[in-house]
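# Summary of the model geometry
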Amino acid sequence: MTDRPLIEFRSVGKTYGRGEATIRALDGVDLTIEAGQFVSIMGPSGSGKSTAMNILGCLDVPSSGEYLFQGIPTAGFDRQQLTLLRRHMLGFVFQGFNLLARTSAVENVELPLVYRGMEPRERRKLALLALEQVGLKGREHHTTQELSGGQQQRVAIARAIVTSPAVLLADEPTGNLDTKTSVEIMQLITGLNRERGITVIMVTHEEDIAAYASRQLRFVDGRLAADSLATEDMHHAV
């Protein structure tokens, strides 16, 4: 184990376009996330929260500054190394579920293990276990169309955790769900954080969903405008 933070942004900036058309999506963001934290990211449209999430997930790279994962600068990684980092350390959950249609729940969950080259019997065993962990025992062979929205998101979460990732990145995970189902999904994600120690980083625009996280970050105009952890530190210092 290392005493370095799991995730670190050092003056991370991200710009798109050139000249007068330049858009500064992130502007010198400093951020540290420790292993085991549950962090929500909020902010208005265009605040930089989605750009930050894409960099955290190694789907994009900073224009300036450094992104360190487990103390290692990712700037030196080539495309294959970034792919391996995503595949072995990160799990993704999206608002739109991103499941394969006309494919069973268990086959959807097996997909990341297929990419790893795992043999079929072991793959199936891990996928069935992941589906049981998200409360879908008995629904393993239902296709996407045969599942409710909440059940589809549970399949997506099972697919994200089947590789035992260090970090779960959730982008508006309840955005397409009703209130009751949203609560169930958030309880599931909270349990993964507390019981399995998975670090969770979640983008949401809903205050009540953000409240499930033990730490809330707020982005405004490409900058980190508020961090509830910093506020707690101030309270402890008083």
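Preceding this section is the structure that the text describes.
Criteria and thresholds
Residues numbered from 1 in each chain as written. Predicted model: local features only at pLDDT ≥ 70, side-chain atom pairs only at ≥ 80, totals over all residues. Heavy atoms only, no water. Pairing = 2+ DSSP bridges. Helix = DSSP H or I, 4+ residues; strand = E, 2+ residues; numbered from the N terminus. Contact = heavy atoms within 4.5 Å. Axes fitted to C-alpha atoms, helices over the stretch in contact; angles between N-to-C directions. Core = buried A, V, L, I, M, F, W, Y, C linked by side-chain atoms within 4.5 Å. Buried < 20%, exposed > 50% of the residue type's maximum accessible area, 1.4 Å probe, protein only. Expected span 1.5 Å × (residues − 1). Polar contact = N/O pair within 3.5 Å; in protein donor to acceptor, adjacent residues only side chain to side chain. Phe/Tyr/Trp six-rings, centres within 6.5 Å; stacked < 30°, edge-to-face > 60°. Salt bridge = Lys/Arg side-chain N within 4 Å of Asp/Glu carboxyl O.

A sheet is described by the order of its strands in space; here four strands give the open sequence 2-1-4-5, paired in antiparallel fashion. Two strands in the sheet have a free side with no partner beyond their single neighbour: strand 2 (23-33) and strand 5 (72-73). With two bridges connecting them, strand 4 (residues 64-69) and strand 5 associate as antiparallel partners. What sits directly across from phenylalanine 69, in strand 5, is isoleucine 72. Where helix 1 (residues 49-56) meets the sheet, its contacts fall on strand 1 (7-16), strand 2 and strand 4, and the angle it forms with strand 1 comes to roughly 120°.

Turning our attention to the pairing of strand 10 (residues 223-227). Here strand 9 (residues 215-220) runs beside strand 10; their pairing, made up of four bridges, is antiparallel. Following the sheet pairing, leucine 217 is matched in strand 10 by aspartate 227. The hairpin turn running from strand 9 into strand 10, its antiparallel successor, is two residues long, and aspartate 221 in that turn takes a positive phi close to 50°.

Now for the nonpolar core. Val109, Leu131, Val155, Ile157, Leu168 and Ile189 are the most contacted members of the largest nonpolar core, which has 34 residues in total. Looking at this core, the elements with two or more residues in it are helix 3 (105-115), helix 4 (120-133), helix 5 (149-161), strand 7 (167-171), helix 6 (179-196) and strand 8 (199-203). The greatest single-element share of this core, amounting to six residues, is contributed by helix 5. Ranked by size, the runner-up nonpolar core spans 27 residues in total, among them Leu31, Leu90, Ile201 and Phe219.

The terminal C-alpha atoms of helix 6 lie 25 Å apart, and with 18 residues this matches the ideal 26 Å at 1.5 Å per residue to within 8%. Residues of helix 6 that are buried include every one of Thr181, Ser182, Ile185, Met186, Leu188, Ile189, Thr190, Gly191, Leu192 and Asn193, and no others. Buried-residue contacts for helix 6 involve strand 3 (38-42), helix 4, helix 5, strand 7, strand 8 and helix 7 (207-210). Structurally, the start of helix 6 carries an N-cap: the backbone nitrogen of lysine 180 is 3.2 Å from a side-chain oxygen of aspartate 178. Glycine 197 sits one or two positions beyond helix 6 and adopts a positive phi of about 75°.

The subject of this paragraph is helix 3. Buried residues of helix 3: Ala105, Val106, Asn108, Val109, Glu110, Pro112 and Leu113, and no others. In this structure, the buried side of helix 3 is in contact with helix 4 and helix 5. Phi for glycine 117, located one or two positions after helix 3, is positive at around 80°.

Moving on: the packing of aromatic side chains. Under the criterion given, the structure shown has two aromatic pairs. Considering the side-chain rings of phenylalanine 9 and tyrosine 67, the 5.4 Å spacing of their centres and the 80° angle between planes classify their relative orientation as edge-to-face. With phenylalanine 9 in strand 1 and tyrosine 67 in strand 4, this residue pair connects regions lying 58 residues apart in the sequence. Comparing phenylalanine 9 with tyrosine 67, the two get one shared label, buried. Look at phenylalanine 92 and phenylalanine 94: their rings are 6.1 Å apart centre to centre, the planes differ by 5°, and that puts the pair in the stacked class. For phenylalanine 92, a relative accessible area of 19% gives the class buried.

What follows is about the pattern of salt bridges. Opposite charge on two side chains permits pairing when their charged atoms draw close. Within the structure shown, the criterion is met by ten salt bridges. Where arginine 223 meets aspartate 27, a salt bridge forms, and the shortest distance between an N and an O atom there is 2.9 Å. Here aspartate 27 lies in strand 2 and arginine 223 lies in strand 10, a separation of 196 residues in the sequence. Using a relative accessible area of 49% as the deciding quantity, one classes arginine 223 as partly exposed. For glutamate 184, the salt bridge goes to arginine 154, with nearest N and O atoms at 3.9 Å. Linking glutamate 184 in helix 6 with arginine 154 in helix 5, this pair joins segments that are 30 residues apart in sequence.

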